[in-house]
Amino acid sequence: MAEIKVYSAVVCPYAHRSRLVLQEKGIDFDLIEIDLQNKPQGFTDISPYGKVPAIAHNNHRVWESAVINEYLNEVFPNPPLLPNSPIDKAQARIWIDFANTRFVPAFSTLLRSPDIQQQQAAKQELYKHLQFIENEGLGKLSKDGPYWFGESVSLVDFTFYPWFERWPALKHYRDFAIPEEFTRLRQWKKALKQRDSVVAIANSKEFYIERYARFATPVAA
Ligand code: GSH
């Protein structure tokens, strides 16, 4: 039995974040797939919000992907996935917060809303966020390599990547591709897509298109 138990769902981008970190660090873990439509009895004893991901380690439970990832990074320090300096660390946390509070909600609204006006607004919002990532994130921080902080991959990369792996569903259901002009972003995505940790647990675009069909409500007439 592995030291860590990870409660996950293959379709869940938040769980994907933590699985990428585990993979990147080569941590042995037991993966427990949770059927989110039919959660096992007592699941909230492990994950008090009833959500995945959650982990059990050393008789402790940790939940919330951003917190899990920082925990894993501290307990298993190699390779380090946060920059060293306080200011870079602060930047990393700003971007993780940006992902959770701005980027992901715009992505979800665009995919899930049946309302065409809400979808239009979400497209504009998401475009603005991609532009911000391109210019303020990758444009300023990523000087000497393809990742958010240049040549070293970090928690920030693994925080955003799962939504980019799922982007084909957004393109398929909402006709919203990653705009050509965001060249740094496209290079970032390409570099991550080729990493061993990412390849090891990647799903095909057909998988996401099929699994997201029930979230992507038809466009309202
Ligand atoms: N803020 C949480 C995190 O970052 O871990 C979000 C996790 C989350 O929303 N997980 C979804 C879930 O477990 C699946 S992608 N939903 C089940 C439910 O809400 O009942």
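Reading the values: rules and limits
Along each chain, residues carry numbers from 1 onward, in the same order as the chain's sequence is written. Totals for whole chains, interfaces and linings use all residues, but because this is a predicted model, local features are given only for residues with pLDDT of at least 70 and pairs of side-chain atoms are given and counted only at 80 or more. Think of the side-chain values as coming from all heavy atoms in the structure, minus any hydrogens and water. Whether a residue is near a molecule or strand is decided by its heavy atoms; if any one of them lies within 4 Å of it, the residue is near. Any pair of N or O atoms that falls within 3.5 Å is considered a polar contact. Within protein, one atom must be able to donate a hydrogen and the other to accept it, and sequence-neighbouring residues count only if both atoms are side-chain atoms. Both site types are read off a 1 Å grid over the protein atoms alone. A 1.4 Å probe that fits but cannot get out defines a cavity, while an open set with protein on both sides within 12 Å along at least five of seven lines defines a pocket; lining residues have an atom within 4 Å of a point. For this analysis, a molecule is said to be in a pocket or cavity if more than half of its atoms are within 2 Å of the grid points defining it. Each residue gets one of three labels, nonpolar for Ala, Val, Leu, Ile, Met, Phe, Trp, Tyr, Cys and Pro, charged for Asp, Glu, Lys and Arg, and polar for the others, Gly among them. Grid points are joined across faces, edges and corners, and a volume is the space filled by probe spheres set on the points. The helix count covers DSSP runs of H or I at least four residues long, the strand count covers runs of E at least two residues long, and both are numbered beginning at the N terminus. Angles shown run from 0 to 180 degrees and are taken between the N-to-C directions of axes, each axis being a line fitted to C-alpha atoms and, for helices, limited to the stretch in contact. The cut-offs work like this: below 35 degrees is roughly parallel, past 145 is roughly antiparallel, 65 to 115 is roughly perpendicular, and the gaps in between are oblique. Two residues form a contact once any of their heavy atoms are found within 4.5 Å.

Participant: Provide a residue-level description of the site of the ligand, including the pertinent values.
Facilitator: As a structural note, the neighbourhood of the ligand is formed by Cys12, Pro13, Tyr14, Leu36, Lys39, Gly50, Lys51, Val52, Pro53, Glu64 and Ser65. Taking Glu64, its side chain carries an N or O atom lying 2.8 Å from a nitrogen atom of the ligand. Side-chain polar atom of Ser65 to an oxygen atom of the ligand: 2.7 Å apart, as the coordinates give it. Using a 2 Å cut-off from the grid points, one finds that the ligand occupies the largest pocket. Residue composition of the shell around the ligand, by class: six nonpolar, two polar and three charged.

Participant: I'd love a proper account of the layout of surface pockets, names of residues and values included.
Facilitator: One water molecule sets the probe size; rolling that probe over the atoms shows where empty space is left. The volume enclosed by the largest pocket comes to roughly 820 Å³. For the lining of the largest pocket, the secondary-structure elements that each account for two or more residues are helix 1 (13-25), helix 3 (65-75) and helix 4 (86-112). Looking at the lining of the largest pocket, the element that brings in the most residues is helix 4, giving six residues. When residues of the lining of the second largest pocket are traced back to their parent elements, those giving at least two are helix 6 (155-165), helix 7 (167-174), helix 8 (183-193), helix 9 (196-200) and helix 10 (205-211). Partitioned by chemical class, the residues of the lining of the second largest pocket number 10 nonpolar, three polar and eight charged.

Participant: Report on the packing of helix 4 against helix 6, specifying residues and quantitative values.
Facilitator: At a minimum axis separation of 9 Å, helix 4 and helix 6 run at an interaxial angle of 10°. Between helix 4 and helix 6, the interaxial angle falls into the category roughly parallel. Here Ala92, Trp95, Ile96, Phe98, Ala99, Phe103, Val104 and Phe107 of helix 4 lie close against helix 6, whose contacting residues are Leu155, Val156, Thr159, Phe160, Trp163 and Phe164. Residue composition of the contact of helix 4 with helix 6, grouped by class: 13 nonpolar, one polar and no charged.

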